[in-house]
Amino acid sequence: MPQTTCQSSDGECARPVTTLPDYLEPGLDIVLVGINPSAYSVRAGHYYARPGNRFWNAANRAGLFGEPLGPETDARVLEFGIGLTDVVKRPTPTARDLRAADYRHWAPVLKEKIRRFRPRIVCFQGIGGYRNYLRHGEGLSATTRLRPGRQARALESSVVFLVPSPSSLNTRYSFEDLVGCYRRLRALRDELNSV
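Quick caveat: nothing in here was measured; it's all calculated off a predicted structure. (Residues numbered from 1 in each chain as written. Predicted model: local features only at pLDDT ≥ 70, side-chain atom pairs only at ≥ 80, totals over all residues. Heavy atoms only, no water.)

This part takes up the packing of aromatic side chains. Inspection of the entire model under this criterion finds nine aromatic pairs. A centroid spacing of 5.8 Å and a plane angle of 35 degrees characterise the contact between W56 and F65, whose relative ring orientation is tilted. When its relative accessible area of 8% is taken as the criterion, F65 is described as buried. Ring centres of F124 and Y130 lie 4.8 Å apart, and the angle between their planes is 45 degrees; this geometry places the pair in the tilted category. Like F124, the residue Y130 is buried in the burial classification. Following the ring pairs from residue to residue traces out a cluster consisting of Y23, Y47, Y48, F55, W56, F65 and Y182. (Phe/Tyr/Trp six-rings, centres within 6.5 Å; stacked < 30°, edge-to-face > 60°. Buried < 20%, exposed > 50% of the residue type's maximum accessible area, 1.4 Å probe, protein only.)

Here's what the structure looks like:
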């Protein structure tokens, strides 16, 4: 179900935003961080609800959850030690519609969520979203080309993993590329949990 949140850092809700709720709690193995919710997904009330988005099919094929899940069961990710949130909580038709001001406002909010909930792995789903998080949440510019997989830089005490955006608009990466990334993410989770 969509929720209303503030887009103001001073505590006053000058511009309420209807968005998707965060599925977060302390001690999660993985928090999956999208770039931002699509307006379609917010209307549906579920993450990655747009037909053609490859997230649920790719993650299920990779065995990321204990059983197949889909948009209508998105809240159940918590049962499998996985959370869902976004770099920017303001919905737009596509991520290309975001502005620098959106990242300036929301990236520090995400940083605080990660500090509060301390997941083992933070998985950014979208290279551009991670690049903008680094710029506006950490004050860093990505000086090298970002590639999917485990990143050298941690976020607080969390390992950072990067997968391409699962949007159907991201034609640079195939469905099989996405499945491979989610399999590597699952293997990293299993490795960290065995230590």
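Moving on, there is more to tell.
Our focus in this paragraph is the nonpolar core. Among the nonpolar cores identified, the biggest contains 30 residues, and L32, W56, L64, F65, Y182 and L185 are the most heavily contacted of them. Looking at which element gives the most residues to this core, the answer is helix 5 (residues 175–194), with seven residues. Not counting chain neighbours up to four residues away, the residues in contact with W56 comprise Y47, Y48, F65, L69, G70, P71, D74, V77 and L84. (Core = buried A, V, L, I, M, F, W, Y, C linked by side-chain atoms within 4.5 Å. Helix = DSSP H or I, 4+ residues; strand = E, 2+ residues; numbered from the N terminus. Contact = heavy atoms within 4.5 Å.)

Turning our eyes to something else, we now look at the sheet that holds strand 4 (residues 82–86). The five strands are arranged 4-3-5-7-6 in an open sheet whose pairing can be described as mixed. In this open sheet, the two strands that pair with only one neighbour each are strand 4 and strand 6 (149–150). Two strands pair when backbone bridges link them, and strand 3 (residues 30–34) and strand 5 (residues 121–125) are joined in this way by five bridges, in the parallel orientation. The partner of G34 across the bridge, within strand 5, is Q125. Packing against the sheet, helix 3 (residues 100–117) makes contact with strand 3, strand 4 and strand 5, and its axis sits at approximately 160 degrees to strand 4. (Pairing = 2+ DSSP bridges. Axes fitted to C-alpha atoms, helices over the stretch in contact; angles between N-to-C directions.)

The element strand 3 is extensively covered by neighbouring structure, given that five of its five residues are classed as buried. Alternating residues of strand 3 divide into I30, L32 and G34 and V31 and V33, and every residue in both groups is buried. As paired elements, strand 3 and strand 4 share five bridges and run parallel to each other. Residue pairing for strand 4: I30 is matched across the bridge by I82.

Moving on, we come to helix 3. Compared with the 26 Å implied by 1.5 Å per residue over 18 residues, the 26 Å span of helix 3 between its first and last C-alpha is a close match. Where helix 3 bends most, at W106, the angle is about 30 degrees, and the proline P108 comes one to four residues later. Backbone geometry just downstream of helix 3 places R118 in the positive-phi region, at approximately 50 degrees. (Expected span 1.5 Å × (residues − 1). Bend = angle between axes of the 7 residues up to and from the residue.)

Our next topic: helix 5. Between the first and last C-alpha of helix 5 there are 29 Å, a value that for 20 residues agrees with the 28 Å anticipated at 1.5 Å per step. Taken as a whole, helix 5 has its buried residues at L178, V179, C181, Y182, L185, L188, R189 and L192. For helix 5, the elements touching its buried residues are strand 3, helix 2 (55–61), strand 4, strand 5, strand 6 and strand 7 (159–163).

Before going further, it helps to spend a moment on the pattern of salt bridges. In this structure the tally under the stated criterion is 13 salt bridges. E176 serves as the salt-bridge partner of R61, at 3.1 Å between the closest nitrogen and oxygen. In this pair, R61 is assigned in helix 2 and E176 in helix 5, connecting sequence segments 115 residues apart. Judged by relative accessible area, R61 falls into the partly exposed class, the value being 46%. With its nearest N and O atoms 3.0 Å apart, the salt bridge here joins D86 to K89. One connected set of salt bridges, linked through shared partners, spans D22, D86, K89 and K113. (Salt bridge = Lys/Arg side-chain N within 4 Å of Asp/Glu carboxyl O.)

Coordinates in, geometry out; function isn't part of it.
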